[in-house]
Amino acid sequence: MDTVARMRKLGFRKWYERQLIESHLYLVTCFLGIIMAATAIELSGRRESVAGLILAAALGLAGCVLSLFGWQRYKRIMVVAEHIGDHATCVQCNAYARFTVVDAGQALRQEPVDIENASEVWLKVHCRKCGNEWTI
Ligand SMILES: [Zn+2]
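Residues numbered from 1 in each chain as written. Predicted model: local features only at pLDDT ≥ 70, side-chain atom pairs only at ≥ 80, totals over all residues. Heavy atoms only, no water.

Asks: Mind showing me how you'd approach the pattern of salt bridges here?
Replies: A side chain of one charge can pair with a side chain of the opposite charge when the charged atoms of the two come close. What the rule picks out here adds up to three salt bridges. Between Asp 103 and Arg 109 there is a salt bridge, and its shortest N-O distance comes to 2.9 Å. The exposure class assigned to Arg 109 is partly exposed, which follows from its relative accessible area of 32%. Here Lys 124 ties to Glu 133 by a salt bridge, and the two come within 3.6 Å at their closest N and O atoms. (Salt bridge = Lys/Arg side-chain N within 4 Å of Asp/Glu carboxyl O. Buried < 20%, exposed > 50% of the residue type's maximum accessible area, 1.4 Å probe, protein only.)

As structure tokens, this is what we get:
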């Protein structure tokens, strides 16, 4: 399910909450990767056996991949969630997060969101309180 579909299903507040939880899980994944890489450096310093070195190299590589993956996902989610969160208040009636999604750019219809494609990260919303429409 893409960002727009999930936001429609959950509503903005719940979607935002879940984005924060999900992003922090990726941050934990990132830290786990860093710990793995640090362990690998520690292990390789012992120079006990060739098998041990290979294991340390594999662990180090896996740790690097994991931490990079976790960090990128974390960043991506935070950039999108923060951007939408910052513009979730209706300028006409000041209602926060009381909108329905009318339309959205291509980037928000992809999973994960393609933040490199900044011109496609937009959301057209309709205020449920006063009917104002704006683009985030
Ligand atoms: Zn409004």
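Asks: Any chance you could explain the environment of Asn 94 here in plain terms?
Replies: For Asn 94, the location among the structural elements is in the loop between α3 (50-86) and β1 (99-104). The exposed category is assigned to Asn 94, whose relative accessible area is 60%. (Helix = DSSP H or I, 4+ residues; strand = E, 2+ residues; numbered from the N terminus.)

Asks: Help me understand the environment of Val 113 in this model?
Replies: With respect to the helices, strands and loops of the structure, Val 113 is situated in the loop between β1 and β2 (123-127). Assessed through its relative accessible area of 6%, Val 113 is described here as buried. Between the C-alpha atom of Val 113 and that of Val 80, which follows or precedes it by 33 residues, the distance is 8.0 Å. With sequence-adjacent residues up to four places away left out, Val 113 is seen in contact with Thr 3, Arg 76, Val 80, Ala 107 and Leu 108. (Contact = heavy atoms within 4.5 Å.)

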